[in-house]
Amino acid sequence: MAGIIFLVMIVLLLLGFPMMIPLIVGAIVGFYEIFHGIGKMDFMVQQFMAGIRPASLIAVPMFIFAADIMTRGQSAGRLIEMVMRFIGHIKGGLAVSTATACTLFGAVSGSTQATVVAVGSPLRPRMLKAGYKDSFILALIINASDIAFLIPPSIGMIIYGVVSNTSISELFIAGIGPGLLILVLFSIYSVIYAYVYDVPVEPKASWSERLVAVRKAIWPLGFPVIIVGGIYGGVFSPTEAAAVCVLYALVLEVIVFRSLSLEDIYKTAKSTGLITGVVFILVAAGAAFSWVISFARIPQELLETVGVADMSQIGVLFVISISFFIGCMFVDPIVVILVLVPVFAPVVQSVGLDPVLVGTIITLQVAIGSATPPFGCDIFTAIAVFRKPYADVVRGTPPFVLILLCVAVLLIFFPQIALFFRDLAFS
Amino acid sequence: LFVTTVVMPMATRADTWRYAFEEAINEVQGVYASKFKEEIEKNSDHEVELYPYGTLGESADIMEQAQAGILQFVDQSPGFTGSLIPEAQVFFVPYLLPTDTKKLNKFFRTSKAIHRDFKKLYAKQGLELLTMFPEGEVAMTTKKPVHSPEDLNEVKFRVMTNPLLVEAYKAFGATPTPLPWGEVYGGLQTNIIQGQENPTSFIESTKLYEVTDNIIYAGHNNFTTAVMANQDFYNGLNKNDRKVIQNAAKTAFEYILTYQEGLEKEALKKIQAARPEIEVIVLSEQERKPFKAAAAQVEEKFIEMTGKSGQKILKQMKADLRGL
Amino acid sequence: MDKDHHPAPNPALSNGVVSTIAARIDFFIGCFESFVLATAVLLMAANTIANVIGRFVFHSSLFFSEEVNRILIVMITFAGIGYAARHGRHIRMSAIYDALGWRVRKVMMIFITLFSALIMLVLCYFSIQYISKVATSGRILPALQIPVYWIYLWVPVGFFITAVQYLLTALKNLTQKDIYLSVSVLEGYEDSETEV
Ligand code: NA
Ligand code: NA
């Protein structure tokens, strides 16, 4: 059954059908096979609803909305100009700043999709202006946003911790090492890229110019204060922080800067709704498809044939990595964790692997899978927001995925990358 | 998958039955389900596939799937059943169930409210109630020590989105704050909420003790859960299969009660080992008084919400409890 | 630039009296969809902010806030899919398709839109079936105390409108010379400055 489903999906996908169609047809074929007819197919709709139910998803439209208001107005421009006064003269400085901004925003907001939009939409035009190629920019934004999976708070790690009975605090600390390593490697690649393609630099700004830029950015600097201070200060959840950002953006653009009219805001809300719909229908259809895979126990059957029970520690880690990587290429990461972690739990225990290391590796694979074609939420979001064809959005990803895979392999052979900080903090 | 299509007339045919529950496989509901599966497979040719938390959806989803016959068995806690069977929320009325384990177990074995009244209510929803069992005393975990309702003043306390639970924590003096389960750990860590409640073993396995500093036992409730079968499926079985199911449910019931003996203490020990600075507070009888007094308000709310039918169940439960 | 804030009546339908009425109806559906989208997004922001204010200023959470957001997210998603189909914004992997010849692409596009319309109609049917199941179960939302199926009412409407959009696109591709991604959008991606 798995064979037919995947074949149908790939064919429809490659023929150029809207992406929701292969996912929906995959689910329809699955339901038909499982229940020998169309009798229970209305439960597909139940899973559609389950897919878009999580309250944390609300952060996505809210951050899209806030980012769109900031970008159409002046807030985003002022913030970026301020940063440029400090780093504009450094080769690759803007790319490194973008990667860092994605990592930080993603870490705090907890949503990689929101990061793609909130950081990507204001910074992409600026990077284009600075002379970077669009394929590089898009790949950088998508992949740097996914580092957020590894940096606390990470919803993937929380779910893993709950399902596998592992300390979430330890997981959080273990994620920091690989997360920062990836950020450093992305930054190195960005600088090399800037040199190879000779991306021009701006003249170094004087301190008085910098002061002027900071002054102009005083109001917009409230955004990081709201997001970081609000969330870590316990004032509100990431979702609520997103909504408060919307309010703050409205106040700035409509009242303080007077750059947007109420009609502009209405249009922005409409555009936010459209992007949300385009992405969330894929989340919904993906949930129905995941249900089929989970109900038919396809992962369990596949793993039985692999014979994971008789492998060494390294072998098991490789099988886990590959399984999660492939799983997340097709299915929502959270569902992959929920379904696969219990499947691997006995073998992880029997070969004596550290569950914290396993959790870190799984989270890394989830991050890679979410930025890898064919089905990746962050890719969808980038397509929907930046209005670029699928091929253009993924064209620049190979070097980034390669870096991520290298880190994944390094992590298997040198677990200290993850466990060093953990051991430091917990012994 | 394909086993179900092979029809062998006149012979016992081996089916695959599907059983979903709301917790991970190593938590109480999962242990019950595993035992149930073991018993069925030992005493029949049928197979039982287990689907833990989240693999087929959330609580409400698996319940619907069971009602539609997609799943043959489902474990759903009455608290979640509240939107379908309002009377099931009676298990949220504080200080209704006894804290003494022996009494509690006897209640679940013998209660007419459960074995007669609730059975009928579940049947109306197309479900055959197989068993109800306790999952452990609900403990509060908080940032600051709690000895009285005053200590809960202005504490944003996470509760499930359930009107009765909200009422209970209002009565206890807290600010009940409904927060989705996925945000609880993060919410405690960043201090959006300062308290939550769950059985000790669940607090241990979900690591919530990492982000709170006190565990408080007020004896106000014991988390209850229920296992049921799809009724059409159940009624369509032959006598022998039905007996196998009933026996498996009973065996697993006794097994889970034994399994839970000492489980709470063990979980608490693990918590204390992982986090020695955590403070364990067991409220004295005197300290419990104001909490017990507040419970009356919740009982009123329950009756207001469920009317005559709820009143009847509550009365029967109280009678069952007096008879222990 | 905002070319469709006041969209012109659908040109695919603009001959004959009946078609004029159909075009009018389609025009109003488009306006209604965009109104639902914008309003739902604004309400979602207001609702979430109100919950924060409630918790901090008045020390009490809006216990129904999460359920209201659930209703809104369904509205946004299912008003969004119809509106996205209208503007040819659904995500697709078009690399192979783009490499094909004009005639093949034209035939393919007709096939893609017809098949997509069929799938949307199928889902419309199943969502009605699912909703009536939830309605008869009598399940209610714990905080708002309203029937759960109310959340889902927009779902079949969204699928139906999307199906109609794809059907109209197929019709347009059958009757016109160019290849259309949606009724109003020609094949090939729009300039990225264009807003919806
Ligand atoms: Na994170
Ligand atoms: Na992916």
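Conventions adopted
Residues numbered from 1 in each chain as written. Chains lettered and ligands numbered in written order. Predicted model: local features only at pLDDT ≥ 70, side-chain atom pairs only at ≥ 80, totals over all residues. Heavy atoms only, no water. Helix = DSSP H or I, 4+ residues; strand = E, 2+ residues; numbered from the N terminus. Rg over C-alpha atoms; globule rule 2.2 N^0.38 Å. Buried < 20%, exposed > 50% of the residue type's maximum accessible area, 1.4 Å probe, protein only. Contact = heavy atoms within 4.5 Å. Areas by Shrake-Rupley, 256 points an atom, 1.4 Å probe, with all protein chains shown as cover. Lys, Arg positive; Asp, Glu negative; His and termini not counted. Charge placed at Lys NZ, Arg CZ, Asp CG, Glu CD. Buried area = accessible area lost by both parts, 1.4 Å probe. Salt bridge = Lys/Arg side-chain N within 4 Å of Asp/Glu carboxyl O. Nonpolar A, V, L, I, M, F, W, Y, C, P; charged D, E, K, R; others polar. Arc of directions from axis to C-beta. pLDDT = per-residue confidence, 0-100. Polar contact = N/O pair within 3.5 Å; in protein donor to acceptor, adjacent residues only side chain to side chain. Expected span 1.5 Å × (residues − 1). Axes fitted to C-alpha atoms, helices over the stretch in contact; angles between N-to-C directions. Parallel < 35°, antiparallel > 145°, perpendicular 65-115°, else oblique. Core = buried A, V, L, I, M, F, W, Y, C linked by side-chain atoms within 4.5 Å. UniProt positions renumbered as here; feature names shortened; annotations may be inferred. Disulfide = S-S within 2.5 Å.

Caption draft 1: Focus on the overall build of chain B. In terms of regular secondary structure, chain B is built from 12 helices and 10 strands. The C-alpha radius of gyration of chain B comes to 20 Å, within 12% of the 20 Å expected for a compact globule of 324 residues. If one aligns the C-alpha atoms of chain B with their principal axes, the spans along those axes are about 70 × 45 × 30 Å. Out of the 324 residues in chain B, the part that is buried amounts to 63%. Expressed as a percentage of contacts within chain B between residues at least 6 apart in sequence, the contacts between residues at least 24 apart total 76%. As displayed, chain B offers around 12900 Å² of accessible surface, 51% of which is attributable to carbon and sulfur atoms. The average position of the 37 basic charges and that of the 43 acidic charges among the side chains of chain B differ by 7 Å.

Caption draft 2: Region of interest: the overall build of chain A. When its secondary structure is counted, chain A shows 22 helices and 0 strands. By the compact-globule yardstick of 22 Å for 427 residues, chain A fits well, its C-alpha radius of gyration being 22 Å. Here the analysis covers contacts within chain A between residues at least 6 apart in sequence; of these, 78% occur between residues at least 24 apart. Here chain A contributes 22 positively and 22 negatively charged side chains, and the mean placements of these two sets differ by 13 Å.

Caption draft 3: Examining the interface of chain A and chain C more closely. Tallying the contact residues gives 67 residues for chain A and 62 residues for chain C. Of the roughly 5800 Å² buried between chain A and chain C on both sides combined, carbon and sulfur atoms contribute 75%. Per-residue buried area on chain A facing chain C is highest for Lys 270, Leu 274 and Arg 387 of chain A; these three make up 14% of the total on that side. At the surface where chain A touches chain C, the tally comes to 1 salt bridge. Between Asp 42 of chain A and Lys 133 of chain C there is a salt bridge, and its shortest N-O distance comes to 2.8 Å. For the side of chain A that touches chain C, the elements supplying multiple residues, two or more each, are α1 (2-15), α2 (20-35), α3 (42-51), α4 (59-72), α13 (238-256), α14 (262-295), α19 (377-386) and α20 (390-395) of chain A. At 17 residues, the largest contribution of residues to the side of chain A that touches chain C is made by α14 of chain A. Residue classes in the side of chain A that touches chain C are distributed as 48 nonpolar, 10 polar and 9 charged.

Caption draft 4: Quick peek at helix α12 (residues 222-232) of chain A. Residues and elements named next belong to chain A. For α12, every residue scored as buried is listed here: Gly 222, Phe 223, Ile 226, Ile 227, Gly 230 and Ile 231. Down the axis of α12, the sector holding all buried residues measures 135°, keeping them to one side. On the buried face of α12, the contacting elements are α4, α5 (75-87), α6 (93-109) and α13. Positive backbone phi, approximately 75°, marks Gly 234, located one or two places after α12.

Caption draft 5: Structural context of the confidence of the model for chain B. All names here are of chain B. Looking at chain B as a whole, its pLDDT mean stands at 91, while 96% of the residues score no less than 70. Counting interchain partners and residues more than four positions distant, the pLDDT-below-50 stretch residues 1-11 has 13 contacts. Overall fold confidence for the complex sits at a pTM of 0.88, while the interface term, ipTM, reaches 0.89.

Caption draft 6: Seen up close, the pattern of salt bridges. Throughout the structure, instances matching the rule amount to 33 salt bridges over all chains. Asp 264 of chain A is paired through a salt bridge with Lys 267 of chain A; the nearest N and O atoms lie 4.0 Å apart. With a gap of 3 residues between them, Asp 264 of chain A and Lys 267 of chain A both fall in helix α14, about one helical turn apart. Of the residues examined, Lys 267 of chain A reaches a relative accessible area of 14% and is grouped as buried. Asp 117 of chain B is the salt-bridge partner of Arg 116 of chain B, the closest N and O atoms lying 2.8 Å from each other. By relative accessible area, which is 37% here, Arg 116 of chain B ends up partly exposed. One network of salt bridges, with partners in common, ties together Glu 81, Arg 85, Arg 126 and Glu 202 of chain A.

Caption draft 7: Layout of the interface of chain B and chain A. Chain B puts 36 residues into the contact, and the matching count from chain A is 37 residues. Each partner contributes to the roughly 3100 Å² buried at the junction of chain B and chain A, and carbon and sulfur atoms together form 59% of this total. If you look at where chain B meets chain A, you find 3 salt bridges. A salt bridge links Arg 53 of chain A to Glu 58 of chain B, with the nearest nitrogen and oxygen atoms 3.2 Å apart. At the junction of chain B and chain A, the tally comes to 17 residue pairs in polar contact (both at pLDDT 80 or more). Mapped onto the side of chain B that touches chain A, the elements with two or more residues apiece are β2 (47-51), α2 (59-67), α7 (184-189) and α8 (200-205) of chain B.

Caption draft 8: Summary view of helix α10 (residues 168-196) of chain A. Residues and elements named next belong to chain A. With 29 residues, α10 ought to run about 42 Å at 1.5 Å a step, and its terminal C-alpha atoms sit 42 Å apart, in line with that. Near the N-terminus of α10, the side chain that reaches the backbone nitrogen of Ser 169, with its oxygen 3.4 Å away, is that of Ser 167. In the stretch just after α10, Asp 198 is the one whose phi turns positive, near 45°.

Caption draft 9: Examining the packing of α3 of chain A against helix α4 (residues 102-137) of chain C more closely. The contact between α3 of chain A and α4 of chain C brings their axes to 7 Å, and the two run at 80°. The orientation of α3 of chain A with respect to α4 of chain C, classified from their angle, is roughly perpendicular. Together, Asp 42, Phe 43, Met 44, Val 45, Gln 46 and Phe 48 of chain A of α3 of chain A and Leu 123, Phe 126, Ser 127, Gln 129, Tyr 130 and Lys 133 of chain C of α4 of chain C make up the contact between the two elements. Classifying every residue of the contact of α3 of chain A with α4 of chain C gives 7 nonpolar, 3 polar and 2 charged.

Caption draft 10: Representation of the nonpolar core. Counting residues in hydrophobic clusters, the biggest one holds 332 residues, and the most contacted among them are Phe 48 and Tyr 132 of chain A, Phe 36 of chain B together with Phe 78 of chain C. Ignoring any residue separated from it by four or fewer positions in sequence, one finds Tyr 132 of chain A in contact with Gly 92, Gly 93, Leu 94, Ala 95, Met 127, Ile 137, Tyr 193, Ala 194 and Val 199 of chain A.

Caption draft 11: Fine view of the environment of Lys 35 of chain B. Residue and element names in this part refer to chain B. As for its placement among the helices and strands, Lys 35 is situated in helix α1 (residues 28-43). The sequence separation of Lys 35 and Tyr 255 amounts to 220 residues, and the corresponding C-alpha distance is 7.7 Å. Non-local contacts of Lys 35, meaning those with residues more than four positions away in its chain, are made with Thr 251, Ala 252 and Tyr 255.

Caption draft 12: Spotlight on unusual backbone geometry. Positioned with a positive phi, Asp 198 of chain A is a non-glycine residue whose angle comes to about 45°. Positionally, Asp 198 of chain A belongs in the loop between α10 and α11 (207-216). Residue classification places Asp 198 of chain A among the exposed positions, given a relative accessible area of 53%. If you check the backbone angles, Lys 207 of chain B has positive phi at about 65° while not being a glycine.

Caption draft 13: Seen up close, the UniProt feature "domain: TRAP C4-dicarboxylate transport system permease DctM subunit" (unreviewed entry) in chain A. When the UniProt feature table is mapped onto this chain numbering, "domain: TRAP C4-dicarboxylate transport system permease DctM subunit" (unreviewed entry) sits at residues 6-417 of chain A. Helix makes up 78% of residues 6-417 of chain A and strand 0%. Its end C-alpha atoms lie 36 Å apart.

Caption draft 14: The arrangement of the state of the cysteines in detail. Residues and elements named next belong to chain A. Applying the stated criterion across every chain, the model contains 0 disulfides over all chains. Cysteine Cys 102 shares no disulfide, and the gap to the nearest cysteine sulfur, in Cys 245, comes to 16 Å. Of the residues examined, Cys 102 reaches a relative accessible area of 0% and is grouped as buried.

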